[in-house]
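Remarks on the overall topology
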Amino acid sequence: MGEFEEIVLLVVAMLEGEAYGVNITHEIIEQTFRKVRLNQVHASLHRLEDKGMVISRMGGATKARGGRRKRIFTITAYGRQALHDIQAIRNKLWQQQPSPITHAIQI
Amino acid sequence: MKDNQPFPTPPRWASRLLKWYCAPHLLEEIQGDLEEEFEYQKKLNGPKKARLDYIFNVLRFMRPFALKRKQNQYPKTVYHMNMSRHYLLLAYRNVLREKAFSIINISGLALGLACCIVIWLWVDSERKTDNFHNYPDKLYNVYYTLHANGLATGGQTIPRGLTISNYKDYKNTFLLADDLKEAIPEIQYASMYTTGYELPWGHPVTFRHGEKLHKLEGSMADEDFFKMFNYPVIAGNKQKALQGKSIAISRKMANMFFNSPGDAIGEILRYENKLDLIIGAVFEDLPKESSLTFEYLISWEAFMAGDVEEAISSWHTFIQLGNVKDRPVVESKIKDFLSKYHEGKEFKIELGLQPFNQMYLYSNFENGKPSGGRIDYLNIFSGVGIFILLIACINFMNLATSRSVKRAKEVGVRKTIGSSRSQLVVQFLGESVMLSFLSLVLALLIVQLYLPVFNATTGKQLLLPVDDLYFWSLLTGLTLLTGLVAGSYPALFLSSLDPVRVLKGAFRFRKSAIFSRKGMVVLQYVVSFLLIISTITVTLQTRFMQNTNLGYDRENLIYIRVEGELIPKYGIFRQRASELSGIAAIDRSSEPPHQMKFAVYAPIKWEGLESESNTTVPFQPTSVGFDFLKLMKLELVEGRGFSRSNPADTSAFMVNEKAVKQMGMKDPIGKWISAWDKKGKIIGVLKDYHTKSLHQPIAPIIVDVKEDLFFGDIVVRTEPGKTKEALEGLEEICREINPDYPFAYKFLDHEFEKIYHTEQMTARLSNIFAGLAIIISCLGLLGLVMFSIEQRRKELSLRKILGATISNILGLLSKDFLILVSISFVVTVPLAGYFMNEWLQKFAYRIELTWWIYAISGLAVVLLTVIIVFIQAFKSALANPVKYLRSE
């Protein structure tokens, strides 16, 4: 799982059943100040779905969408597990860092 | 402006682009997201930026995941055993159910195909001419281009005067072939070639062996000839066949004189009772693909020694290259090869190479370069063939489309049950391919039956090449293509129908479909019109040429060559022959009077001529006997004719009007004129008469009396109805006076017709093809009329009930078609006028393209259309209206 996919997955988990293309994109932009485009998000979502980390269903339509339904993504248990694994690995690696780096970051 | 819209929307084209490329199962979410984003951006940055952003987003989504289509869950097999059996059965039933339509459809296409096949066979056989040699791409004919007076002329044979060969002294002769071979090492073989039978001096040559006498036509050629060309030698030595005073003869000729070809070798044949030639080889009879024709070949050495007569004073020079790639080198070396012999002269001569196998098809010269010839006719007829097939295809398509109305319900049901579009396409295409193959079988049958007739008209020997794989694969391909093209419209159109609407009965042709069908009818009519008009024109021109008053009476004329003992004993012959019963007049001429080819510039001088003549048209000097005017029934304009009672007339001249004009004389009578070293006074002016084919204008003629010439023809006019008697008498005298030559004669009017062989053939062929095109178009029209009546049955019945008369209904139905006919007529007239004018330019004497040629063709087509419409319409106009209205 790439770094961007990890972020997308985290956002999907965060939005709890409300996650779809547009609001995921906006959320990422707001939180990370990255320049993200819709198509990147869509592509990642597809990859995640292929990997089985999210599942999707067609959700309700709104007027803003010209009456079109949105695809709502929810994280799967496997996805959650994968996130936890990554975090655990990171934590573990961080704890083993020699102090200069920790300090450097703190500065 | 767009920004001020109350509800700005994303750019339409971008949305369409998205819709086009995006996989359908993803479209909804992506479109929704993009639109939501657009609304968001609009609020944030204004509509202008939002639109830009939208466009970028659409472009950015062009990524594999969005492009990739979802796989269908169900396998998409188009081919299925049971289904194809079902389709076959249905196609069969459809053919049977609509017998009239099927017959029209199949026979129309079959005629078109048959026509195409015949034309293809003909074109193919013409193209194969001269292609049977071992190295067709190494063989070339050397042609010349002469630049003089700012004009470029040229020809396939090089005039002897330009090659400055020395006739008397063979050993020191300049001979183009030998010199070329010596000077240009890239040339492997080279051979001169000229026939002994071409006009103006050529004639069948008499050979004698023992008691056997035969007249045969043949040629002269160099030693290398058999090495270059693939004329297999069956007896004797190929290498030495044309060395020394030798002759090579065909198998047929060998069998005429000897028991077998093998017996002929080493034997001696006597040529024209003056020269003995040793038979060096016997070659196989020439294949029909050979454009050179000869029964014998006399060695060039024997020819140059002087006793063998030449037929024409310009000769072919054939060369064979050692390597195909050397062509450009040889071309550059050969270009100015002859000019060094003609330095300081007013003209410039260049030589060029024409591939040997193109000589036959490209024999015309324009600006001194080979251009066109027979190939033009091939192209025209190929075009005609393609057009006729096109018409047939259009008909096929039209009929199939019209009939598809009846099949629309079937399509609706099929679609409802679950047939996919591709299955329907396959069904309909398959059906039309099947029908087209049925047509092919019929077409082959027609061709097989018709080929003998065609061969008789064109003098060809075409056969269906049943054992030729290429032919069959081409035919299959063509038929398949025809079937696919013809079936494509109905197949694609029908399969696109919406089942619900069709089943509800709301099926209609779109305006564009009706329009395109009408367009096709117009196209058909245009082709038919074109063919009819050209047929009429060609036929009229041919008839015009045959019936034009030539200025002399060509009936009952026969001519016999002056040869052997006839040369010294012409006087006795004339005396005795004129006493025979059945002979009206007898005289002689240096050339056959209907086709004089001899033409010269320089040796003609006349009173008042300043320095050199600068005429552009060569004179035609001819020598005749005293009674020529009476014999030919020529008219005098001025002065008097030659008279036997005035012996001084042997040094007198007569000229024709054209010659007077060209010489610029005011009072020609009594003025002197000279030809070579003969000088004399003009005693009379002849009214212009035709001395060659009507392709060429009348030439200036100069006539004098020479009754002792060693060549020429004796021309005899027989009394009408007594030809046989006269011929018997002549033969008897000939045999007595000239025993070493067989008696041979020609009818002048037959020979005259032969000049126009090509035109006659064209006229006959275009008759046939125009007929075919009309039949096919009529079949198509018939089908359309039937269909349109079928469609309008109820309307017609209602009209009848409301009081329409039969003529009302007939008028109503024919109106539509007559409009189409008139449109196509208007389109065709300028087109036909242009093409026909081009064709007529080839003739110096030609018919006018009068309005009634167009009128006749227009009237004929209108009449045919009306007849077809009426026959069909009558049935429905007479029918009881209740019958068709009852069903609802």
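Residues numbered from 1 in each chain as written. Chains lettered and ligands numbered in written order. Predicted model: local features only at pLDDT ≥ 70, side-chain atom pairs only at ≥ 80, totals over all residues.

1. Some thoughts on the packing of helix 26 (residues 806-840) of chain B against helix 27 (residues 851-878) of chain B
Residues and elements named next belong to chain B.
- With their axes 9 Å apart at the nearest point, helix 26 and helix 27 run at an angle of 155 degrees to one another. The pairing of helix 26 with helix 27 is recorded here as roughly antiparallel in orientation. In this structure, helix 26 meets helix 27 at a crossing whose hand is right-handed. Contacts from Ile806, Ile809, Leu810, Leu813, Ser814, Phe817, Leu818, Val821, Phe825 and Val829 of helix 26 reach helix 27 at Tyr854, Gly858, Val861, Val862, Thr865, Val866, Val869, Phe870, Ala873, Ala877 and Leu878.
- Residue composition of the contact of helix 26 with helix 27, by class: 18 nonpolar, three polar and no charged. (Axes fitted to C-alpha atoms, helices over the stretch in contact; angles between N-to-C directions. Helix = DSSP H or I, 4+ residues; strand = E, 2+ residues; numbered from the N terminus. Parallel < 35°, antiparallel > 145°, perpendicular 65-115°, else oblique. Left-handed = near helix turned anticlockwise from the far one by under 90°. Contact = placed C-beta atoms within 7 Å. Nonpolar A, V, L, I, M, F, W, Y, C, P; charged D, E, K, R; others polar.)

2. Notes on the domain arrangement of chain B
- Parsing chain B into structural domains produces domain 1 (2-67), domain 2 (139-360), domain 3 (376-545 + 757-885) and domain 4 (557-752).
- Computed over C-alpha atoms only, the centres of domain 2 of chain B and domain 3 of chain B are separated by 52 Å. (Domains from an automatic or database assignment.)

3. A look at the packing of helix 2 (residues 24-45) of chain B against helix 3 (residues 47-60) of chain B
Residues and elements named next belong to chain B.
- Axis separation between helix 2 and helix 3 bottoms out at 7 Å; the angle between their running directions is 150 degrees. One finds that helix 2 runs roughly antiparallel with respect to helix 3. Every pair of crossing elements has a handedness; the one defined by helix 2 and helix 3 is right-handed. Taking contact as the criterion, the partners of Leu34, Glu37, Phe38, Gln41, Lys42 and Asn45 in helix 2 are, on helix 3, Pro47, Lys49, Ala50, Asp53, Tyr54, Asn57 and Val58.
- By residue class, the composition of the contact of helix 2 with helix 3 is six nonpolar, three polar and four charged.

4. Some remarks on helix 2 (residues 21-32) of chain A
- Over its 12 residues, helix 2 of chain A extends 16 Å from the first C-alpha to the last, a length consistent with the 16 Å expected when each residue adds 1.5 Å.
- Within helix 2 of chain A the residues assigned to the buried category are Gly21, Val22, Ile24, Thr25, Glu27 and Ile28 of chain A.
- Elements that come into contact with the buried residues of helix 2 of chain A comprise helix 1 (3-15) and helix 3 (38-51) of chain A together with helix 2 of chain B.
- Directly after helix 2 of chain A, the chain includes Phe33 of chain A, whose backbone phi takes a positive value near 55 degrees. (Expected span 1.5 Å × (residues − 1). Buried ≥ 20, exposed ≤ 12 C-beta atoms within 10 Å, placed from the backbone.)

5. Concerning the pairing of strand 4 (residues 187-195) of chain B
Residues and elements named next belong to chain B.
- By the criterion of burial, strand 4 is predominantly enclosed, with eight of the nine residues buried.
- Of the pairings in the sheet, the one linking strand 4 to strand 13 (residues 314-321) comprises six bridges and is antiparallel in character. Bridge pairing links Ser191 to Phe318 in strand 13.
- Here three bridges tie strand 4 to strand 7 (residues 219-221), and the two strands are oriented antiparallel to one another. (Pairing = 2+ DSSP bridges.)

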